[in-house]
Every structure is written in C-alpha cells, then in structure tokens.
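# Remarks on the overall topology
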Amino acid sequence: MDYRHELSRLIDIDGVSREEIEKLITVPKESDNGDFCLPCFRFAGLLKKSPVVIAKELAETITASDTADFLSNVEPKNGYLNFYLDKSDFNRRILKKVLSEGDAYGASDEGRGRTVCIDYSSINIAKPFHIGHLMTTVIGAALYRLYKFLGYNAVGINHLGDWGTQFGKLIVAYKKWGDEKDLENRGIRTLLDIYVKFHKCAETDDSLNDEARRWFKRIEDGDPEAVALFDKFKEVTMKEVDRTYKRLKVSFDSYAGESFYNDKMQPVIDELQEKGLLCDSDGAKVVDLSAYNMPPCLILKADGATLYATRDLAAAFYRKKTYDFYKCLYVVAYQQNLHFKQWFKVVELMGYDWYKDLEHVAFGMVSMEDGAMSTREGKVVFLEDVLNRTVEKARAVLDEKSQTLENKDEVAEVIGVGAVVFSALYNSRIKDVVFSYDRVLSFEGETGPYVQYTHARCTSVLSRAEITENVDYSALDNPDAVAVVKAIAAFPDALSDAVRKYEPCYVARSVMAVCQAYNKFYFEHRIIDAAEPQRNAMLLLTKATKQVIKTGLTLLGIAAPDKM
C-alpha cells in the first residue's frame, strides 16, 4: 500500500490537488505524533483559516468516514494532521509486500526512458590505484546500481587519465632505469618507483623534463616505439586495477579517457570562437567569467596545448550526443568545485540548456591515520594493500570468534572488503574521512561487519524453524516489532532520496536502522520458543529483515554472508 497516496484520497481541500497534498504528507520526527502527518500551514491563506482549525476540521471529516479502515486514529495537533496506522494491518501489508517482491522490493520504474551518465573512479594510467580513489569509486558505483534499480539507463564511465607529459616522463624513466622482468612482477609499483626517481633527478637535471616533452610529442605523433611503451604501461595498469575493481564489485560501461577526446576538442574550440566567447590572455585562450565572480576558464595554453577543461567540454558534448542523458554526474573530490563551476558555466554561455543537467557530485578526502599522500614523492597507500590488510584482520577475528566456520578465507574477504566500502558510504559524502582499520572492522556500532552479522543472524534464526501458513500477526503488535517494520517500510524512500540527492549514505543508514531495530527485537523477544502462530509472524519479520539487508548491501556493492 502506498500510504501517502491513500491518505491523500481521504483529504478534500478546494483549490488543492491530491498530488500536492500527497507531496506534503511526511513522516513525523517524533513517533508520538503519528506514523504520517500533514502540515496544514500551506492552506491557511487559501482557506482563510488558521492551520489549527483546518487540521481539526479535516480530522472530523476523516473520522466520520468509513474509508480509513487502515487507520487507528486521526488527531489534529498544533496545525498538523497526524495519522496513526492500524499496526496489525500495517505489519501485515509491509511484510507481505517485501516477501512477495523479494529482491525487487524498493525497485521502481521511475527512471524509465531516462539515461544517467556517471563519471567515477577515473584512475590515472601508470599511477597507483590508491586509497584516495576509494570515495569516487564506491560512491559512483553505488549510484550506478541505485539508478539501475530505479529503472534508469545508467552508463558508468571511467574517464581514464591517459594523456599528458607524465607519459613522456615515464618513458624516459623506463628507458633509463626500467626493467621488463621487474615490470612483469611488480607492475605499477615498478612504474611508481621510476616515476619518483625521475622527479628526484629532474630537480637537478632539467634536461630530463625536455626529454620527457619530446617523448610525449612522439606519442602524439604516433611514433611506434613511443606508442608501444604507452600501450604497455596502460596494459599493466588495467590488469592491476581490474583486480581491485572485481573485489569492490565495480564495473563500467565505458573506459573512454582523455586520449579518446583528442580529436573531439577542436569543434568545441571552434564553436567557442564563433560565438565570441574566447578571449586572448597573454597568448592563451580563455573564456572570461569575471561577470560570474569566477576566474577565466582556460581553454588553450599559449603554446596551443589543451587542458582538463577542454577535454571535459569535449566529453560532455560527446556524451550528450551519444547518450542524450537526463543527468550527467561527475563524482570528483570537492577540491575541483571551481573547475566544474567554470566549465558548466561555459556550456551555459554557449547556449545549451542541458548545462543544468550536469552535476558535480563532490566528496571529501579519505586519508590514513598517519597522514597525506603524494605520488611524486612515493608516499602512496595502495587501495589493494588496504583491502588485503583489512581482510587479514577480518580473518584473525574469525579465527578467534568463529573457530568452526567453514570457508574462512572467503568470509574474511567479504567482511574485510565490505568493511572498507561501508565505511566510505555510511556518512555524508562531503565529509573528510580518516581511515582506521580497527574502527571499520568493529562488529559493534555503525559498521559494515555489524550489518553483515545481522544478516547472518537472520539466516541462523530462519534455519531453526519452518514457516507455515498459520500466522498470528498480533505477535508483532509491540513497539519493538513495529519499529522493525517501520524501518523496513522506509527503505524504498531511502533509495529515492539517495538518487535525488546523490547520497548513497541514505541507503547505508536505512539498512543500519533496520539492523538496529531488528537486533533490539531479537534480544527482547523469544522467537523459536513462541507458539506456532506467533512464531511464524516473527519468522516472517526476520525473513523480511534479511531481504532488506541483502538488497541494501547489494546496492552498496557489499556481499551479505549467511554465516560469520
């Protein structure tokens, strides 16, 4: 039952549509104020009455009607119309809905016919896939799954950093100090070592930088030797990052990176010139944004070289033409706020109304407890190393607490990787995160292992008794059970909020609310020992809880183990 829709059908206000009323109905912050409420302040001017009087008259009309059998009470209070659901009816409806829909509970077709492009992860070729890439990767992947779940055509794009003078530097470094066997054995770590060595040597020998620029020019010109080395670095990189992507359950539909747009920038530059938007600035070409309190957007350097903004503009036009997107999201750290504001404004000045469909999904930085990172200085924490260490720690916990558990290595992988992902997605994305192994692996508190353990607990309960058709839902007419059902009922709204606000944390927090409510119910009520009709109701509650936890974790990219 869509309670908001059904409640709106009970309310008749001249001059106000049912759709508008339905949008105004919300869930009160305090449970004492009902399960749903309608603020009546919006109607005061229209009806020439105080909100208190409006709420009182509406309550009297609804109470006199016989069409609200799913309500136990309707109460006006301080200008709000509070609705109290019949708890037995509510419990039965929600549980039947979850169990009948299964994995599709919370899914919808709201996005039918709409394409959303999501630009996330965007790793750099020949550079480490490090802990700093965690947020963009898991936030983008979660949004990708959520949009698909709600019926959108989601397009996951890994805008590879595969162009620039750094590749000239790597070629110089590899030819001077590289070793093919070492590259085969250690992959990106070999490239990182020689890249760091190049920068240290270049501090006292600037000719290295000149040599690097020459090699990059050879890549641009299609020189066979330069291109072969460039392709080798790319192959090594993708082999390693694919391994990490698989562990994180992350996938993409496109790997079109910076190099893909080399032949697609000139038409955009020409259009900017034709529309009188390009200005000269010390030999460079810029779009003046001073009228919008922003620095100029640099399109071409004085030597004619393009920049990130040039490529992003070309990519946006390509994506609009190719996918005709409803939204195009860029999951990139908040340090790039100005960059996106600038080139979004350029698209607007070019006269394209789809500029408003470009969204920068900014997020905070993630760092380790021991400080910041720098690729040039070699101070890098590989994401794969973080996952490995977290899995090792999870295995140690299992050895201590679950000695009889089978497949410990598989379960440790699920717990360790899940803990890292959940820690990144649980809080608002804009917050900076300091990563702590001990904190993310705790089986208590608001952590991934706590959620996974609750799922395993539900599996254990369900394995100990069979559910028959003899169900007494009155067994759930208590505050603890109702709290679980209400948390389950709130799950679909959390999914909608997550895509509307580009915040996967709404899903993580909704699942956490279900877990916390269920664990309280579990400890306060004997399930297996209850008489059959009451036990069946509690088992159905457990089954629905398990389903929502599994769906939520899956959308976040986390496995839901049956045993821990």
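Reading guide: rules and limits
Residues numbered from 1 in each chain as written. Predicted model: local features only at pLDDT ≥ 70, side-chain atom pairs only at ≥ 80, totals over all residues. Heavy atoms only, no water. Helix = DSSP H or I, 4+ residues; strand = E, 2+ residues; numbered from the N terminus. Buried < 20%, exposed > 50% of the residue type's maximum accessible area, 1.4 Å probe, protein only. Areas by Shrake-Rupley, 256 points an atom, 1.4 Å probe, with all protein chains shown as cover. Lys, Arg positive; Asp, Glu negative; His and termini not counted. Charge placed at Lys NZ, Arg CZ, Asp CG, Glu CD. Phe/Tyr/Trp six-rings, centres within 6.5 Å; stacked < 30°, edge-to-face > 60°. Lys NZ or Arg CZ within 6 Å of the ring centre and 35° of its normal. Axes fitted to C-alpha atoms, helices over the stretch in contact; angles between N-to-C directions. Parallel < 35°, antiparallel > 145°, perpendicular 65-115°, else oblique. Contact = heavy atoms within 4.5 Å. Nonpolar A, V, L, I, M, F, W, Y, C, P; charged D, E, K, R; others polar. 1 Å grid on protein atoms, 1.4 Å probe; cavity = no way out; pocket = protein on both sides within 12 Å on 5 of 7 lines; lining within 4 Å. Points joined across faces, edges and corners; volume = space filled by probe spheres on them. Expected span 1.5 Å × (residues − 1). Arc of directions from axis to C-beta. Pairing = 2+ DSSP bridges. Salt bridge = Lys/Arg side-chain N within 4 Å of Asp/Glu carboxyl O.

It is worth spelling out the overall build of the protein at this point. Along the protein, the regular secondary structure elements total 22 helices and 12 strands. A principal-axis box enclosing the C-alpha atoms of the protein has dimensions of 85 × 65 × 35 Å. Out of the 564 residues belonging to the protein, those deemed buried represent 52%. When the accessible surface of the protein is summed, it comes to about 26100 Å², and 47% of that surface belongs to carbon and sulfur atoms. The average position of the 74 basic charges and that of the 85 acidic charges among the side chains of the protein differ by 1 Å.

We describe a pair of aromatic rings using the distance from one ring centre to the other and the angle between the two ring planes. Applying the stated criterion to the full structure yields 35 aromatic pairs. Seen in terms of ring centroids, Tyr352 and Trp354 are 5.8 Å apart; in terms of plane orientation they differ by 45 degrees. Their pairing is tilted. Looking at Trp354, the relative accessible area reads 7%, which means it is buried. Each ring, one from Tyr522 and one from Phe523, has its centre 5.3 Å from the other, and the planes form 80 degrees; the classification is edge-to-face. The exposure class assigned to Tyr522 is partly exposed, which follows from its relative accessible area of 26%. An aromatic cluster is present here, built from Tyr120, Phe129, Tyr144, Tyr245, Phe252 and Tyr255 joined pairwise through their rings. Over the ring of Phe260 we find Lys264, and its NZ or CZ is 4.0 Å from the ring centre.

Time to look at the packing of helix α12 (residues 266–274) against helix α13 (residues 308–323). The N-to-C vectors of α12 and α13 enclose an angle of 100 degrees; their axes lie 9 Å apart at closest approach. One finds that α12 runs roughly perpendicular with respect to α13. Residues Val268, Ile269 and Leu272 of α12 touch α13, and the partners they reach there are Thr310, Leu313, Ala314 and Phe317. Within the contact of α12 with α13, the residues separate by chemical class into six nonpolar, one polar and no charged.

With that settled, the discussion passes to empty space enclosed by the protein. This structure, assessed with the given rule, holds one cavity of 30 Å³ or more. The wall of the largest cavity is formed by Phe129, Ile188, Glu240, Val241, Thr244, Phe382, Leu383 and Glu384. When residues in the lining of the largest cavity are grouped by element, the largest group, three residues, is from helix α11 (residues 224–248). Here the lining of the largest cavity is built from residues that sort into five nonpolar, one polar and two charged.

The next thing to look at is helix α4 (residues 51–64). Here α4 is 14 residues long and its end C-alpha atoms lie 20 Å apart, about the 20 Å a rise of 1.5 Å per residue gives. Of the residues making up α4, those classed as buried are Pro51, Ile54, Ala55, Leu58, Ala59 and Ile62. In an axial view of α4, the angular spread of the buried residues amounts to 130 degrees, which keeps them on one side of the axis. Exposed residues lying more than 90 degrees from the buried face of α4 are Val52, Thr61, Thr63 and Ala64.

Within the open sheet, the three strands sit side by side as β1-β3-β2. Their pairing is antiparallel. Lying at the two open borders of the sheet, with one neighbouring strand each, are β1 (36–39) and β2 (71–77). If you compare each strand with its neighbour and ignore which way they point, the axes differ by 15 degrees on average. Across six bridges, the pairing between β2 and strand β3 (residues 80–85) is antiparallel. What sits directly across from Pro76, in β3, is Leu81.

With that settled, the discussion passes to the pattern of salt bridges. Counted under the stated rule, the structure contains 38 salt bridges. Ionic pairing is found between Arg4 and Asp493, a salt bridge with its closest N-O pair at 2.8 Å. In this pair, Arg4 sits in helix α1 (residues 3–8) while Asp493 sits in helix α20 (residues 491–500), placing the two residues 489 residues apart along the sequence. Looking at Asp493, the relative accessible area reads 35%, which means it is partly exposed. Here Glu101 ties to Lys97 by a salt bridge, and the two come within 2.7 Å at their closest N and O atoms. You can see Glu101 and its partner Lys97 sitting in helix α5 (residues 87–101), four residues apart, about one turn around the helix. Judged by its relative accessible area of 30%, Glu101 falls in the partly exposed class. Residues participating in the shared-partner salt-bridge network are Lys175, Arg218, Asp223 and Glu225.

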